[in-house]
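A closer look at the structure
Here are the chains, one letter per residue:
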Amino acid sequence: MEEDLLPMICVGVLILLALLVLIFLVINLKPFTYEKRKEGTNTCLTLTAKHNLNKASVTASFDSEEITFERRRIRKGQSVDFVYPTSQKPAKLTVEVESGNVRVVEV
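What comes next is a walk through the structure. Predicted model, so just to flag it, every value in this text is computed and none were measured.

Rules used throughout
- Residues numbered from 1 in each chain as written.
- Predicted model: local features only at pLDDT ≥ 70, side-chain atom pairs only at ≥ 80, totals over all residues.
- Heavy atoms only, no water.
- Core = buried A, V, L, I, M, F, W, Y, C linked by side-chain atoms within 4.5 Å.
- Buried < 20%, exposed > 50% of the residue type's maximum accessible area, 1.4 Å probe, protein only.
- Helix = DSSP H or I, 4+ residues; strand = E, 2+ residues; numbered from the N terminus.
- Pairing = 2+ DSSP bridges.
- Axes fitted to C-alpha atoms, helices over the stretch in contact; angles between N-to-C directions.
- Contact = heavy atoms within 4.5 Å.
- Salt bridge = Lys/Arg side-chain N within 4 Å of Asp/Glu carboxyl O.

The next point concerns the nonpolar core. Across soluble globular proteins, you tend to see nonpolar side chains buried next to one another. In terms of nonpolar packing, the biggest core is built from 17 residues, with Leu47, Leu53 and Leu93 touching the most fellow members. Every element with two or more residues in this core is listed here: strand E2 (42–49), strand E3 (53–62), strand E5 (79–85) and strand E6 (92–97). Broken down by element, the residue count for this core peaks at 4 residues, all from E3.

This is the structure we're talking about:
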């Protein structure tokens with residue numbers, strides 16, 4: 001009877017380890033985080049790189065005008081602030097990771 005439990009325990013431990021690795025990869029896959037806050041009449045968007053980034057740009061629209069900010073070569077751990085006039089329309093954050101993947105987020 002005890003001999004039958006050992007393989008089942010080993011399989012259970014392997015499944016648990018595989019789930020932990022999968023959860024770690026999902027959490028660590030985001031190459032950046034961002035925080036948006038208002039500062040008076042301006043909006044400040046702070047981008048923090050979790051991986052090396054080739055390029056990050058923010059395009060904001062206000063009063064039928066459009067303004068774009070761009071920053072290149074952001075290293076892991078660096079933070080970049082984009083400050084632009086506050087608008088009712090959402091801004092568009094475009095981030096290109098060094099691997100060539102491009103992510104677009106409305107903020």
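With 5 bridges connecting them, E6 and strand E7 (residues 102–106) associate as antiparallel partners. Each bridged residue has a counterpart across the sheet, and for Glu96 the counterpart in E7 is Val102. Between the antiparallel neighbours E6 and E7 lie 4 residues, among them Gly100 with a positive phi of about 100 degrees.

Strand pairs in the sheet, formed through backbone hydrogen bonds, run parallel or antiparallel to each other. Strand order in this open sheet of 4 strands is E4-E3-E6-E7, and the pairing throughout is antiparallel. Looking at which strands have only one partner, the edges of the open sheet turn out to be strand E4 (65–74) and E7. The mean inter-strand angle of the sheet, taken between neighbouring strand axes irrespective of direction, is 15 degrees.

Checked against the element boundaries, Ser61 lands in strand E3. Given the relative accessible area of 18%, Ser61 is considered buried. In contact with Ser61, other than residues within four places in its own chain, are Glu66, Ser87 and Lys89.

Read from one edge of the open sheet, 3 strands run E1-E2-E5, paired in antiparallel fashion. Taken across any chain shown, the strands that pair with only one partner, and hence form the sheet edges, are strand E1 (32–39) and E5. Adjacent strand axes in the sheet meet at a mean angle of 20 degrees, parallel and antiparallel pairs treated alike. For E1 and E2, the ladder comprises 8 bridges, and the chain directions are antiparallel. Within E2, the position partnered with Lys38 by the bridge is Thr43.

Let's shift gears to the pattern of salt bridges. Under the definition given, this model contains 2 salt bridges. Of the charged contacts, one joins Arg37 and Glu39 as a salt bridge, the two residues approaching to 3.3 Å between their closest N and O atoms. Given the relative accessible area of 41%, Glu39 is considered partly exposed. In this structure, Glu70 engages Arg72 in a salt bridge whose closest nitrogen and oxygen atoms are separated by 3.1 Å. Looking at Glu70, the relative accessible area reads 43%, which means it is partly exposed.

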